[in-house]
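Remarks on the overall topology
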Amino acid sequence: MSSNEKKEYELINLGFEYPGMTGGIRWAVVTDLDISELEERYGDVLSIYKPYVVMTTEQGKVFHEYAQNGKKHDMRGIRHHDMFGYEEGLTEYLNSVFSKDEPEDAVVNKMRYEALVAAIDLLPDKQRRRCKMYFLMELTVDEIAEIEGITYQKVSESIIKAKGNLEKIEKNKVFLKGACKNASLCGYR
């Protein structure tokens, strides 16, 4: 669509704007052109959107304002939703006091995860591939063995060797603790 076309009309997908909508009309064309001018200038381009409804730019503005207000209302509801109701100031305070996750915990966990990924990337190919499946994708040793078409024992030995190699990466050792659900395999309890 050229810049001239953008100025003369706009398409709105009514099916997207109104999920669950029934009926045959799925598109609205917002324009100040009358229907005959619209058909003459852009009939071939707009034919794939037929049947469509034509709206004036004023109607289009109201449509956009309505959509924006709906989005604002939805976001306000998301931000202020609490199962026990919302009271300005009190709800935020109580959520901060009783929250088990502090922002610092999220940062440390992210750093641990990134350090684990960086350390795994330093491993030999087989160990790297198997550790990514085990630690990052959280597959079991049995699942990895089935995927690779090898025995449980070979996968287990490979991961144990990888554990030893990971422990040799001293600068990452602190961050590896607790980085994955299989922390006991890393030698941490």
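Keep in mind it's a predicted model, so treat the numbers as computed, not measured.

1. Digging into the sheet that holds strand β3 (residues 52–55)
With mixed pairing, the 3 strands of this open sheet are ordered in space as β1-β2-β3. Two strands lie at the open edges of the sheet, namely β1 (9–13) and β3, each paired on one side alone. Ignoring which end each strand starts from, the neighbouring axes of this sheet average 25° apart. Relative to β3, strand β2 (residues 27–31) runs parallel, the two sharing 4 bridges. Across the sheet, residue V29 finds its bridge partner in β3, namely V54.

2. Quick notes on unusual backbone geometry
Glycine aside, residues mostly have negative phi, and peptide bonds are mostly found in the trans state. Here the amide bond leading from K50 into P51 is cis, since omega sits at -5°, within 30 degrees of zero. Positionally, P51 belongs in the loop between α3 (35–46) and β3.

3. What about the packing of aromatic side chains?
Evaluated as defined, the whole model comprises 3 aromatic pairs. An angle of 85° between the planes, with centres 5.2 Å apart, marks the rings of Y134 and F135 as edge-to-face. On the accessibility criterion, Y134 (11% relative accessible area) is buried. A relative accessible area of 4% means that F135 is categorised as buried.

4. A few points about the side chain of T31
Topologically, T31 is positioned in strand β2. Overall, T31 belongs to the buried group, its relative accessible area being 3%. Engagement of the side chain of T31 in a polar contact is seen with the backbone oxygen of E8, the distance being 2.4 Å. There is a polar contact of 3.0 Å between the side chain of T31 and the backbone nitrogen of L33.

5. Describing the packing of helix α7 (residues 125–136) against helix α9 (residues 152–168)
Across the interface, α7 lies against α9 with an axial gap of 9 Å and an inter-helix angle of 95°. Taken together, the axis directions place α7 and α9 in an arrangement best described as roughly perpendicular. Residues K126, Q127, R130, C131, Y134 and F135 of α7 form the contact with α9, whose own contacting residues are K154, S158, I159, K161, A162, N165 and L166. Partitioned by chemical class, the residues of the contact of α7 with α9 number 6 nonpolar, 3 polar and 4 charged.

6. What to know about the confidence of the model for the protein chain
For the protein chain, mean pLDDT is 76; residues scoring 70 or higher make up 70% of the total. Low pLDDT (under 50) marks residues 1–5, which in the prediction has 4 contacts with non-local residues, meaning those over four places away or in another chain. pLDDT under 50 marks residues 183–189. Its contacts with residues more than four places away, or in other chains, come to 16 contacts.

7. Details of the pattern of salt bridges
By the definition in use, this model includes 8 salt bridges. E37 serves as the salt-bridge partner of R41, at 3.9 Å between the closest nitrogen and oxygen. Highlighted residues: R41 and E37, both in helix α3, separated by 4 residues, approximately one helical turn. Residue classification places E37 among the partly exposed positions, given a relative accessible area of 31%. Here K50 makes a salt bridge to E39, at a shortest N to O gap of 3.4 Å. With a gap of 11 residues between them, K50 in the loop between α3 and β3 and E39 in helix α3 connect regions that are remote in the sequence.

8. Here's the deal with helix α8 (residues 141–148)
What α8 keeps buried is the set V141, I144 and A145. Seen from one end, α8 has its buried residues packed into an arc of 100°, which puts them on one side. Turned more than 90 degrees off the buried face of α8, the exposed positions are D142, E146 and I147. Packing partners of the buried residues in α8 comprise α7 and α9.

The rules behind the values
Residues numbered from 1 in each chain as written. Predicted model: local features only at pLDDT ≥ 70, side-chain atom pairs only at ≥ 80, totals over all residues. Heavy atoms only, no water. Pairing = 2+ DSSP bridges. Helix = DSSP H or I, 4+ residues; strand = E, 2+ residues; numbered from the N terminus. Axes fitted to C-alpha atoms, helices over the stretch in contact; angles between N-to-C directions. Phe/Tyr/Trp six-rings, centres within 6.5 Å; stacked < 30°, edge-to-face > 60°. Buried < 20%, exposed > 50% of the residue type's maximum accessible area, 1.4 Å probe, protein only. Polar contact = N/O pair within 3.5 Å; in protein donor to acceptor, adjacent residues only side chain to side chain. Parallel < 35°, antiparallel > 145°, perpendicular 65-115°, else oblique. Contact = heavy atoms within 4.5 Å. Nonpolar A, V, L, I, M, F, W, Y, C, P; charged D, E, K, R; others polar. pLDDT = per-residue confidence, 0-100. Salt bridge = Lys/Arg side-chain N within 4 Å of Asp/Glu carboxyl O. Arc of directions from axis to C-beta.

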